[in-house]
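# Close look at the chain arrangement
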Amino acid sequence: MKEINDERIDTLFKAVLELKTVDECRRFFTDLCTISELKSMSQRMEVALMLKDKNVYTDIAAKTGASTATISRVNRCINYGSDGYNLVIDRMENKDE
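Residues numbered from 1 in each chain as written. Predicted model: local features only at pLDDT ≥ 70, side-chain atom pairs only at ≥ 80, totals over all residues. Heavy atoms only, no water.

The name given to the protein chain in an unreviewed UniProt entry is YerC/YecD family TrpR-related protein, and the organism recorded there is Hominilimicola fabiformis.

### Examining the packing of aromatic side chains
Rule in force here: Only the six-membered ring of Trp is used, alongside the rings of Phe and Tyr, when aromatic pairs are assigned; centres must lie within 6.5 Å, and planes under 30 degrees apart are stacked while those over 60 apart are edge-to-face, with the rest tilted. Categorising residues by exposure relies on relative accessible area from a 1.4 Å probe, with only protein chains included: less than 20% of the type maximum marks a residue as buried, more than 50% marks it as exposed, and the intermediate range marks it as partly exposed.
Scanning the model with the defined rule gives one aromatic pair in all. Ring plane angle 80° and centroid distance 5.4 Å describe the contact between Phe 28 and Phe 29, whose orientation is recorded as edge-to-face. For Phe 28, a relative accessible area of 24% puts it in the partly exposed group.

### Topic: the nonpolar core
In plain terms, the rule: We define a nonpolar core as any set of buried Ala, Val, Leu, Ile, Met, Phe, Trp, Tyr and Cys residues linked to one another through side-chain atoms lying within 4.5 Å. Helix numbers and strand numbers start at the N terminus; a helix is a DSSP run of H or I with at least 4 residues, a strand a run of E with at least 2. Residue contacts follow a heavy-atom distance rule, with two residues in contact if any of their heavy atoms lie within 4.5 Å.
Grouped together as the largest cluster of nonpolar side chains are 11 residues: Val 47, Ala 48, Met 50, Leu 51, Ile 60, Ala 66, Ile 71, Val 74, Ile 78, Tyr 85 and Ile 89. Secondary-structure elements contributing two or more residues to this core are α3 (35-52), α5 (68-80) and α6 (84-96). Broken down by element, this core gets its largest block of residues, four residues, from α3. Residues in contact with Val 74, not counting those within four places in the same chain, are Arg 44, Val 47, Ala 48, Leu 51 and Tyr 85.

Here you go:
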């Protein structure tokens, strides 16, 4: 993760940690990102959730419109990445209980 160990990136992450509601996140991220970037990130999150629920690639592609390359990349991150998807998904699931 050397490529993201950067003071500017840390500043961005600290800014994100200051957000408290979905509305605040929406406002910040619509200022920060293009609509296309937000749609790509939200699509990857939806793919991750579906992979964690053991959906198959064809069903995920049909529901999300994600390419098999995107689904494979997200799956690789879930299984061999920095554990970010798993961390967030586990926390989201624990809040629902």
